[in-house]
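# Breakdown of the fold
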Amino acid sequence: MIQYFADGIIAGATIALGAIGLTLTYNILRFANFAHGEFLTFGAYFALLFAGFFASAQTIGPLTFGWGFLVAVAAALVLTALLALVLDRLLFRPLRRSDVIVTLVIASFGASLMLRNVVVFLWGSRPEYYSRNIAVSSEILPGVRMSADELFVVALTAALMLALHLFLTRTSLGRSMRAVSDDPSLARVAGIDVQAVIRWTWIIGAGLAAVAGILFGLTVQISSEMGFNLILPMFAAAILGGIGSIYGAVLGGLIIGLAQEMSVPLIGAAYKPAVAFLLMFAILLVYPKGILGDRT
Amino acid sequence: MTGTFSYLVFFLAQASIFAIVCLGLNLQWGYTGLFNIGVAGFFLVGAYTFAILCGPEYLMQVGGFELPFLVGLVGALLTSGVVAFVVGIPTLRLREDYLAIVTIGIATTLQLVALNAEWLTGGSQGAASIPRPLPGLFETVLGRNVLMLSLSLGVMVLVYAGLEAMVRSPWGRVLKAIREDETAASSLGKNAFLYRLQSFVIGSSIMGLGGALYASFVGFVSPQDFMPILTFQVWTMLIVGGSGNNKGAVLGALVMWAVWTLSGTIAQQVLPAGLQVKGGAAQVILIGLVLMTTLVFRPRGLIGEEAAVSSAAVVESGSRDSGQTA
């Protein structure tokens, strides 16, 4: 059972990183972005592309990858953020002017399907892996086996969350973002450059999504469907934690990850996404604000 | 010549089934502003309900009732309606995006059930030999397809006429009022939640009905038939045709199904076998581009919603075309 708990933490870390971007775009741009899952997919494939360029035989300690991979992660992060900005410029910004929220949602749903098929078009539909090296698990606690890669996933996620926390509370851009999310018109009156905030929302959300996708690719596999398969757990995490709340998204991500993995011995692995859905459904039924949410 | 004719019959039968589903979505989105992206899920429920009620005895434990065709259709209406009712209760009180998230969730979950609950659905093998109505009437495939076409066209006309009557009734005007301004509608004593729930359940039932006709027409259902791409196709049909207009929903279904099948045929003939997967991907990208450009440049679709004004009022011509979405 405790092993499932550990698996749940790893799965939860990926979901939480993805859910942060989802909740940020929801809060600042005010729509549910269904194309967010594809940022994970593209992040993972971009990293695959660069991992090929920077392939180094030397791996870092017990990890399955070398320093070149970390460069690939950084490059993938930048490219995914660019993709988000291009998508916003071409699609979401013209639609934002029309002021119909739901048109944005259907557009994002369409963009999600298109991007998914662009991946199939460019990279094919076979699942891929970053490395042929086998990640050896060792017993880190009594009854818990984890590989070095998995520990890396947890550590990197924790570091990114701490960095995000410091960014939002200590920098003026971070404070502007929180101001826009609280009240866009008031923020504009106070002289905040809302367009810049929107740009940074995309960059941060897509960047974190790219990392989440890469980490998923590292511990599971890379496929064109991966982002779409994760969108439901990510939405569930964001809603469970209280949509708009970044800390809620992290908490929700962990809860969803744990629930999905702990349910495996009970109902099997096939129904994992359904577990996320049921949790989301239950919270909407009894407490739609979510655990840390402040609005409905 | 006979080849073209029989293909046309086949094409129109499929298109009319899509038109039925699209009409259901139009009631939800076009008239009520409900954002359902779980169309494939309700379609699935209808199709499997029909397979279980009317199909022969399968390897699965449930089913094999071999009930009459009409019972299957009614059953599909009911089950998909019940699913919509359950989904609608927590979500229709909240902001519209929640319905989107929950409907995509229910569609995913239903697909998982179809794939894994072998005792109910036959699992990944699917359910085959789903009967057509009046099996002994025609000898030829063409004859049977013509029968199916006239049947699905008949159902489509019935659904169309029913919906037209409903949306032009006071009930339909309340739906539009809630869509445009919920606070104003509520202040006039209209319970927005109840109206939304009715519209959502009726629309989803119509999708289930389309699913049942599909199961009967194709004779085989499997979980792969109900992927999110189906939802996307129906949405594109509605947006391109013109949401908020039942004629637009039917026209959009016809046009987009033609675009889809034509592009599929071209991809099949032009591309070598090794690139067929990429051809399929390119097809989806094409449909996606059609949807995006329609949303950005012509949000009303081919034929948009009629302006609802009393006959004495003077409407400024062209004012609705200037980037306004309904």
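From a predicted model like this one, the values you see are computed outputs, not experimental measurements.

Thresholds applied
- Residues numbered from 1 in each chain as written.
- Chains lettered and ligands numbered in written order.
- Predicted model: local features only at pLDDT ≥ 70, side-chain atom pairs only at ≥ 80, totals over all residues.
- Helix = DSSP H or I, 4+ residues; strand = E, 2+ residues; numbered from the N terminus.
- Rg over C-alpha atoms; globule rule 2.2 N^0.38 Å.
- Buried ≥ 20, exposed ≤ 12 C-beta atoms within 10 Å, placed from the backbone.
- Contact = placed C-beta atoms within 7 Å.
- Expected span 1.5 Å × (residues − 1).
- Bend = angle between axes of the 7 residues up to and from the residue.
- Pairing = 2+ DSSP bridges.
- Nonpolar A, V, L, I, M, F, W, Y, C, P; charged D, E, K, R; others polar.
- Axes fitted to C-alpha atoms, helices over the stretch in contact; angles between N-to-C directions.
- Parallel < 35°, antiparallel > 145°, perpendicular 65-115°, else oblique.
- Core = buried A, V, L, I, M, F, W, Y, C linked by C-beta atoms within 7 Å.
- pLDDT = per-residue confidence, 0-100.
- Left-handed = near helix turned anticlockwise from the far one by under 90°.

## Topic: the overall build of chain A
When you go through chain A residue by residue, the secondary structure sums to 12 helices and 2 strands. The secondary structure elements of chain A, listed N-terminal to C-terminal, are α-α-α-α-β-β-α-α-α-α-α-α-α-α. Whereas a compact globule of 296 residues would reach a radius of gyration of roughly 19 Å, chain A reaches 19 Å, a difference of no more than 12%. When the backbone C-alpha atoms are referred to their principal axes, chain A occupies close to 55 × 45 × 40 Å. Sorting the 296 residues of chain A into buried and exposed places 53% on the buried side. Of the contacts formed within chain A by residues at least 6 apart in sequence, a portion of 76% connects residues at least 24 apart.

## Looking at the overall build of chain B
What chain B contains, in helices and strands, is 12 helices and 0 strands. In sequence order, chain B lays out its α and β elements as α-α-α-α-α-α-α-α-α-α-α-α. Rg of the C-alpha trace for chain B: 20 Å, near the compact-globule value of 20 Å for 326 residues, within the 12% margin. Residue burial in chain B is summarised as follows: out of 326 residues, 49% are buried. Considering only contacts in chain B between residues 6 or more positions apart, those separated by 24 or more positions represent 77%.

## Concerning helix 9 (residues 226-241) of chain A
Residue and element names in this part refer to chain A. Between its first and last C-alpha atoms helix 9 spans 22 Å; for 16 residues at 1.5 Å apiece the expected length is 22 Å, and the two agree. Of all the bends found along helix 9, the most pronounced is centred on L232 and spans about 30°, while P233, a proline, follows it within four residues. The element helix 9 is extensively covered by neighbouring structure, given that 15 of its 16 residues are classed as buried. Once helix 9 finishes, G242 follows within two positions and takes phi at roughly 105°, a positive value.

## What about the pairing of strand 2 (residues 144-147) of chain A?
Residues and elements named next belong to chain A. Taken together, the 4 bridges between strand 1 (residues 137-141) and strand 2 define a ladder with antiparallel strand orientation. Following the sheet pairing, S138 is matched in strand 2 by M146. Between strand 1 and strand 2, which pair antiparallel in sequence order, lie 2 residues; one of them, G143, sits at a positive phi of approximately 85°.

## Quick notes on the interface of chain A and chain B
In this assembly, 35 residues from chain A lie in contact with 36 residues from chain B. Those elements that provide at least two residues to the side of chain A that touches chain B are helix 3 (67-98), helix 4 (101-123), helix 9 and helix 12 (272-286) of chain A. Top contributing element to the side of chain A that touches chain B by residue count: helix 4 of chain A, with 14 residues. Considered class by class, the residues forming the side of chain A that touches chain B number 29 nonpolar, 6 polar and no charged.

## Concerning the packing of helix 6 (residues 172-182) of chain A against helix 8 (residues 194-219) of chain A
All names here are of chain A. Where helix 6 meets helix 8, the closest approach of the two axes is 10 Å, and the angle between their N-to-C directions is 100°. Here helix 6 lies roughly perpendicular to helix 8, going by the angle between them. Here helix 6 contributes L173, S176, M177 and V180 to the contact with helix 8, which in turn contributes V194, V197, W200 and T201. Classifying every residue of the contact of helix 6 with helix 8 by side-chain character gives 6 nonpolar, 2 polar and no charged.

## Notes on the nonpolar core
If you look at the biggest cluster of nonpolar residues, it comprises 199 residues, and the most contacted ones within it are A236 and M280 of chain A together with I20 and C22 of chain B. The element that contributes the greatest number of residues to this core is helix 8 of chain A, accounting for 15 residues.

## Some words on the confidence of the model for chain B
Residues and elements named next belong to chain B. On average, chain B scores 86 in pLDDT, and the residues at 70 or more come to 92%. Between residues 317-326, whose pLDDT stays under 50, and residues either more than four places distant or in other chains, the model counts 11 contacts. Scored as a whole, the predicted complex attains pTM 0.88, and scored at its interfaces, ipTM 0.84.

## A short note on the environment of L302 of chain B
Residues and elements named next belong to chain B. The topology assignment puts L302 in the segment after helix 12 (276-297). Exposure remark for L302: the 16 C-beta atoms within 10 Å place this residue in the partly exposed category. Each C-alpha atom, one on L302 and one on G242, is 5.5 Å from the other, the two residues being 60 residues apart in sequence. In contact with L302, other than residues within four places in its own chain, are V240, G241, G242, G248, L251 and G252.

## Looking at unusual backbone geometry
Even without being glycine, R30 of chain A reaches a positive phi, approximately 60°. Residue position: R30 of chain A is located in the loop between helix 1 (2-29) and helix 2 (36-53).

## As for the environment of L173 of chain A
With respect to the helices and strands, L173 of chain A occurs in helix 6. L173 of chain A sits 19 residues away from I192 of chain A along the chain, and the two C-alpha atoms are 9.3 Å apart.

## Quick notes on helix 6 (residues 141-167) of chain B
Between its first and last C-alpha atoms helix 6 of chain B spans 38 Å; for 27 residues at 1.5 Å apiece the expected length is 39 Å, and the two agree. Those residues of helix 6 of chain B hidden inside the fold are in contact with helix 1 (2-31), helix 7 (170-180), helix 9 (192-218) and helix 11 (246-270) of chain B.

## Some remarks on the environment of W67 of chain A
Residue and element names in this part refer to chain A. Inspection of the secondary structure puts W67 in helix 3. On the basis of neighbour counts, which here come to 12 C-beta atoms within 10 Å, the residue W67 falls in the exposed class. A sequence separation of 13 residues divides W67 from F54, and the C-alpha atoms of the two residues are 8.4 Å apart.

## Structural notes on the confidence of the model for chain A
Confidence in the prediction of chain A, expressed as mean pLDDT, is 87, and 97% of residues score 70 or more. Element-level mean pLDDT values for chain A span from 76 in strand 1 of chain A up to 93 in helix 8 of chain A.

## Looking at the packing of helix 5 (residues 148-170) of chain A against helix 8 of chain A
Packed helix pairs are characterised by how far apart their axes lie and by the angle those axes make with each other. Residues and elements named next belong to chain A. Orientation of helix 5 relative to helix 8, taken along the N-to-C sense of each, is 170°, at an axis distance of 10 Å. Taken together, the axes of helix 5 and helix 8 lie roughly antiparallel to each other. Classified by chirality, the crossing of helix 8 by helix 5 is left-handed. Counted together, D149, E150, V153, L156 and L160 of helix 5 and L208, V211, L215, L218 and T219 of helix 8 form the full contact between these two elements.

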